[in-house]
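# Structural overview for review
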Amino acid sequence: MSDTNFDIVIIGGGPGGYVAAIRAAQLGLKTAVVEREHLGGICLNWGCIPTKALLRSADVYRNFKHAASYGLAAEGISYDLAKIVARSRGVSAQLQAGVKHLLKKNKVTVFEGQGKLAGKGKVSVTAKDGKPVAELAAKHIILATGARARNLPGMEPDGRLVWSYKEALVPDVVPKRLLVVGSGAIGIEFASFFNALGSDVTVVEALDRVLPVEDAEISAFAHKAFEKQGMKIIAGASVKSLNKTGTEVTVTIEAGGKPQAITVDRVIMAVGIVGNVENLGLEGTKVQVDRTHVLVNQWLETGEPGVYAIGDIAGAPWLAHKASHEGVICVEKIAGLKDVHPLNIRNIPGCTYCHPQVASVGLTEAKAKEKGYSLKVGRFPFAGNGKAIALGEAEGLVKTIFDAKTGELLGAHMVGAEVTEMIQGYMVAKTLETTEEDLMHAVFPHPTLSEMMHEAVLDAYGKAIHF
Amino acid sequence: MPINILMPALSPTMTEGTLAKWLKKEGDAIKSGDILAEIETDKATMEYEAVDEGVLGKILVPAGTSGVAVNTPIGVILEEGEDASAISAPVAPKPVAAAPVAAAPAPVTAAPAAPVAPIVAHGDRVFATPLARRIAKDAGLDLKGVAGSGPHGRIVKQDVESAVAAGPAPKPAAAAAPLAAAPAPAFGPAYTEVPLTSMRKVIAQRLTEAKQTVPHFYLTVDCQLDKLLALRTDLNGRSDDYKLSVNDFIIRAVALALKKVPAANASFTDTAIRMYSDIDVSVAVATPAGLITPIVKHADQKGLAAISSEMKVLAGKAKDGKLKPEEFQGGTFTISNLGMFGVKEFAAIINPPQGCILAIGAGEQRSVVKDGALAIATVMSCTLSVDHRVVDGAVGAEFLAAFKKLVEEPLTMLL
């Protein structure tokens, strides 16, 4: 029997939990992770990573189809869905093994099973079949159990005609007609993938526009691009009912007060997530739960001394990198490090890998106005950038939002090729609290897409060169 | 928006000052760069230049007011098109007319025990984000007094915003007012009281702090001066362009000795020993108002003639009260020379945050034993006061040995 006494026990081995565990081990804390299903969590196994693998196949396929525009000839272009899916699963498997190796290398003990608080400083681990695995003692317990897809009553995924992200990641067919409910990052990425492979895709969004958390201008730009690719988007619409027949689903939606019926072959439900707060033994502790999220302070401490929560279970934004960073903050604070700083949510970038990609950090223009800032807004279109044109990716926009008074970069929003790789530049700028002046003085390499980031800053102050 | 003219922090240690004189009247047009007022700081009287343009709309703090806290609005500039009615009534907390004697450092300026040096000095950088700097500048806030909460104590936007929101530092109540109190005892000796100048207050405060908080120890060494005096006569005879004093030689010897023993060119801070990369020698100069220590910067890189002429200019400025802050704040080591008054030897109080001060006594003829026989030599006793937290006895001794060697073999300091 392995040792069951730890400095830190982390329940959940996703991007929050395993990163926290490695950092804790680096700091010399004796650490264990309890994982019920797969190390790396949803992110690595059923989320961020496998979808990127699918979307990569879609991108390559799309480029093949445009071969002629690059002076290339490609004939008989097609795909093998099973192999696309197999590649995606392979990527996840490879990374999962990597996480396992990292934990081992750092001497983190992994317990397989469902972890649960079992009294002060105690965690019980139970196997799927209900058999007890271990009783652990820990000075500190971090809840990092993540979240799962939210279900609408009466519209629960059935794994056959109505899919959740899980079925959508391992499809057996490319549906001829697909309805995606929800146009957040998850919904729109699947919409993009299946649209590229030839599905007739309709996206229904309850709010007034696609990608509703993004800046309205970026969202409108993406909307147009999606429609150009043949996607149908119905915003401000709610789903009233699903009627399944043997092979089809008729979905009744209501938009602008008018009901309409859409018949499709498959439906993907992507209407948000709920935190995994159940079966954690929170009852009778001082851990406070608000709806499906555990309440924490800036150091990720719950109401119960010695119990912490990080990542999706600790609330929005539901992003892997937020979870990882919280894990590090939480553990460093526990270890008593001095130079620990709370997370600034405004500096967390978000990326969506639809086509065209969308990436942003900080406040949208509307939010900034709402907060009473007077603004300087800069824009630069991909059409004005040499590299974008050379790549054949001249569709996109970079937008910057500055506080006119102080020159603080309040937000940056981008849509277009590779913007998910570029947003980090603005994120670093924001984190270091640069002003417009520093960004103007920075020399951006030519020819790169990143030059647009410079130009969008210059444009906010009427100094853009190439537009 | 009317622009507040704030009481400037003309030196990093300044928490309050005296508004000596207004050079502009209400209604006068102000251009950027105009001299608005004269401010008496803790060390000197300084001119206060306008940054903003407009019309001096109102004087909030009349001339002659002492104890005006840094960042207190002292006047209001109206921009074009604004009239005096734009001045909203209580722009300023009422300046305190009669200054309390004890001026505890205000919260905003509760700086870390930073060395007294301008921002550009090495090892005394203010770490702040560009945004924090911008906001502080716009608010007229001196970042020196702001505590940083960012990585490695960097000052971030939020720190500045909190400091600005906290407003000008409230005046602390006079903790103990020894001067104002103490009515003449009925049977005591007769006396007159000379009010403390700002400079005297600072001398009192800093030296008390030094003597009470710095663990001093003392090392004394005798240096034979005959060769140095002969060399000095020789050099001074060669040109009328300079007239080297013994003190100029001592400054150079100290600088070269510090170069040899850099461990003595250091300060103690709560978290680290600060090893200075420059050798800036402060030289104590007596002035009618009190003691001040102008600095010969990079003294190790300057020849005797350069040191000599620089020292003359600095001493002249010191006596006239015209030294600029950067000319007397900072410094990494101090020399105090009372030889000209015939003092044989003395132990000086360390000038914080420096680690050492060298007290120079008079050069006088003394009997010495040379090669087993009595002889006469000109000897000067030098006492090094050392902050034991920074410099241990052996390092202090090593420094003194290097110094003695340079003084006794003065040709070596010409190398």
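The model shown is predicted, which means the values in this text are computed figures rather than measured ones.

## Some thoughts on the overall build of chain B
- Helix and strand content of chain B: 8 helices and 18 strands.
- Sorting the 415 residues of chain B into buried and exposed places 41% on the buried side.
- Residue pairs in contact within chain B that sit at least 24 positions apart in sequence constitute 66% of those at least 6 positions apart.

## Re the overall build of chain A
- Of the regular secondary structure elements, chain A holds 13 helices and 24 strands.
- Here chain A, with 467 residues, has 48% of them falling under the buried criterion.
- At a minimum sequence separation of 6, the contacts of chain A that also span at least 24 residues come to 63%.

## Let's talk about the interface of chain B and chain A
- Opposite the 11 residues of chain B that make contact, chain A presents 11 residues.
- Ranked by residues supplied to the side of chain B that touches chain A, first place goes to helix 1 (residues 130–139) of chain B with 5 residues.
- Considered class by class, the residues forming the side of chain B that touches chain A number 6 nonpolar, 3 polar and 2 charged.

## Details of the sheet that holds strand 6 (residues 54–59) of chain B
Residues and elements named next belong to chain B.
- Overall, antiparallel pairing links the 4 strands, which are arranged 1-8-6-3 in an open sheet. Each edge of the open sheet is held by one strand with a lone partner, namely strand 1 (3–6) and strand 3 (29–30).
- With 4 bridges connecting them, strand 1 and strand 8 (residues 73–78) associate as antiparallel partners. Across the sheet, the residue bridging to Asn-4 is Val-76, located in strand 8.

## Focus: the packing of helix 5 (residues 246–260) of chain B against helix 8 (residues 393–408) of chain B
Residue and element names in this part refer to chain B.
- Look at helix 5 against helix 8: their axes get within 9 Å of each other, and the N-to-C directions meet at 135°. Between helix 5 and helix 8, the crossing angle belongs to the class labelled oblique. Helix-helix and strand crossings are classified by hand; for helix 5 and helix 8 the assignment is right-handed. Contacts between helix 5 and helix 8 involve Ala-253, Val-254, Leu-256, Ala-257 and Lys-260 from the former and Phe-399, Ala-402, Phe-403, Leu-406 and Val-407 from the latter.
- Residues that form the contact of helix 5 with helix 8 fall into these classes: 9 nonpolar, no polar and 1 charged.

## Some details on helix 3 (residues 48–65) of chain A
Residues and elements named next belong to chain A.
- With 18 residues, helix 3 extends 26 Å from end C-alpha to end C-alpha; this agrees with the ideal 26 Å at 1.5 Å per step.
- For helix 3, the complete set of buried residues consists of Cys-48, Ile-49, Pro-50, Thr-51, Leu-54, Leu-55, Ser-57 and Ala-58.
- Looking at the buried residues of helix 3, the elements they touch are helix 2 (41–46), helix 4 (81–105), helix 5 (165–169), helix 6 (185–196) and helix 8 (320–334).

## Comments concerning the sheet that holds strand 7 (residues 65–69) of chain B
Residues and elements named next belong to chain B.
- Within the open sheet, the 4 strands sit side by side as 5-4-2-7. Their pairing is antiparallel. Taken across any chain shown, the strands that pair with only one partner, and hence form the sheet edges, are strand 5 (45–49) and strand 7. On average, each strand axis in the sheet is inclined to that of its neighbour by 40°, with strand direction left out of account.
- Direction of pairing for strand 4 (residues 35–40) relative to strand 5: antiparallel, over a ladder of 5 bridges. Note that in strand 5 the partner of Glu-40 across the bridge is Thr-45.

## Quick word on unusual backbone geometry
- That bond from A:Ala316 to A:Pro317 is cis: its omega, -10°, falls within 30 degrees of zero.
- As for its placement among the helices and strands, A:Pro317 is situated in the loop between strand 19 (307–309) and helix 8.
- B:Pro353 follows B:Pro352 through a cis peptide bond whose omega is 5°.
- The phi torsion at A:Arg291 lies on the positive side, around 50°, for a residue other than glycine.
- Inspection of the secondary structure assignment puts A:Arg291 in the loop between strand 17 (289–290) and strand 18 (293–294).
- Even without glycine at this site, A:Glu433 takes up a positive phi of about 55°.
- Mapped onto the elements of the fold, A:Glu433 is located in the loop between helix 11 (419–431) and helix 12 (436–441).
- Using a count of 25 C-beta atoms within 10 Å as the deciding quantity, one classes A:Glu433 as buried.

## A look at the environment of B:Lys24
Residues and elements named next belong to chain B.
- One can find Lys-24 in the loop between strand 2 (16–22) and strand 3.
- We classify Lys-24 as partly exposed; it has 19 C-beta atoms within 10 Å.
- A sequence separation of 13 residues divides Lys-24 from Ala-37, and the C-alpha atoms of the two residues are 7.1 Å apart.
- If we skip the residues at most four places from it in the chain, Lys-24 touches Ile-30, Asp-34, Leu-36 and Leu-56.

## Notes on helix 1 of chain B
- For helix 1 of chain B, the complete set of buried residues consists of B:Pro130, B:Leu131, B:Ala132, B:Arg134, B:Ile135 and B:Ala136.
- In the core, the buried residues of helix 1 of chain B are packed alongside helix 12 of chain A together with helix 2 (157–166) of chain B.
- Following helix 1 of chain B by one or two positions, B:Gly140 adopts a phi angle in the positive range, close to 70°.

## Examining the pairing of strand 15 (residues 266–269) of chain A
Residue and element names in this part refer to chain A.
- Side chains Arg-266 and Ile-268 project from strand 15 onto one buried face, and the interleaved Val-267 and Met-269 project onto a second face that is buried too.
- Bridge count for strand 8 (residues 162–163) against strand 15 is 2 bridges, and the pairing is parallel. Bridge pairing links Trp-163 to Ile-268 in strand 15.
- Across 4 bridges, the pairing between strand 9 (residues 177–181) and strand 15 is parallel. If you follow Val-181 over to strand 15, its bridge partner there is Met-269.

## As for the confidence of the model for chain B
Residues and elements named next belong to chain B.
- Per-residue pLDDT for chain B averages 81, and the proportion of residues at 70 or more is 83%.
- Scored below 50 in pLDDT, residues 89–122 shows 79 contacts in the model against residues more than four places distant or in partner chains.
- ipTM for the predicted complex: 0.80, alongside a pTM of 0.61.

## Brief notes about the nonpolar core
- Core analysis: the biggest nonpolar cluster contains 137 residues, and A:Val9, A:Ala20 and A:Val267 have the highest contact counts within it.
- By residue number, the principal contributor to this core is helix 6 of chain A, which donates 8 residues.
- Counting 81 residues, the second-largest nonpolar core is a separate cluster that includes B:Ile5, B:Ala9, B:Val254 and B:Val283.

## Overview of the environment of B:Ile360
- Among the structural elements, B:Ile360 can be located in strand 17 (residues 356–370).
- By C-beta crowding, B:Ile360 is classed as buried, having 25 other C-beta atoms within 10 Å.

## A short note on the environment of B:Glu47
All names here are of chain B.
- You can see Glu-47 is positioned in strand 5.
- Given 13 C-beta atoms within a 10 Å radius, Glu-47 is considered partly exposed.
- What Glu-47 contacts, discounting residues up to four positions off in sequence, is Ile-35 and Glu-38.

## Overview of the pairing of strand 4 of chain B
- Looking at chain direction, strand 2 of chain B and strand 4 of chain B are connected through 4 bridges and run antiparallel. Looking at strand 4 of chain B, one finds that B:Leu19 is bridged to B:Ile39.

## Structural notes on the packing of helix 3 of chain A against helix 4 of chain A
Residues and elements named next belong to chain A.
- Between helix 3 and helix 4, the least distance of the axes is 8 Å, while the angle of their chain directions is 145°. Note that helix 3 runs across helix 4; the crossing there is right-handed. Note on element contacts: helix 4 touches helix 3 through Ile-84, Arg-87, Ser-88, Arg-89, Val-91, Ser-92 and Leu-95, opposite Ile-49, Pro-50, Ala-53, Leu-54 and Ser-57.
- Its residues placed into classes, the contact of helix 3 with helix 4 shows 7 nonpolar, 3 polar and 2 charged.

Here is what the cut-offs are and how they apply
- Residues numbered from 1 in each chain as written.
- Chains lettered and ligands numbered in written order.
- Predicted model: local features only at pLDDT ≥ 70, side-chain atom pairs only at ≥ 80, totals over all residues.
- Helix = DSSP H or I, 4+ residues; strand = E, 2+ residues; numbered from the N terminus.
- Buried ≥ 20, exposed ≤ 12 C-beta atoms within 10 Å, placed from the backbone.
- Contact = placed C-beta atoms within 7 Å.
- Nonpolar A, V, L, I, M, F, W, Y, C, P; charged D, E, K, R; others polar.
- Pairing = 2+ DSSP bridges.
- Axes fitted to C-alpha atoms, helices over the stretch in contact; angles between N-to-C directions.
- Parallel < 35°, antiparallel > 145°, perpendicular 65-115°, else oblique.
- Left-handed = near helix turned anticlockwise from the far one by under 90°.
- Expected span 1.5 Å × (residues − 1).
- pLDDT = per-residue confidence, 0-100.
- Core = buried A, V, L, I, M, F, W, Y, C linked by C-beta atoms within 7 Å.

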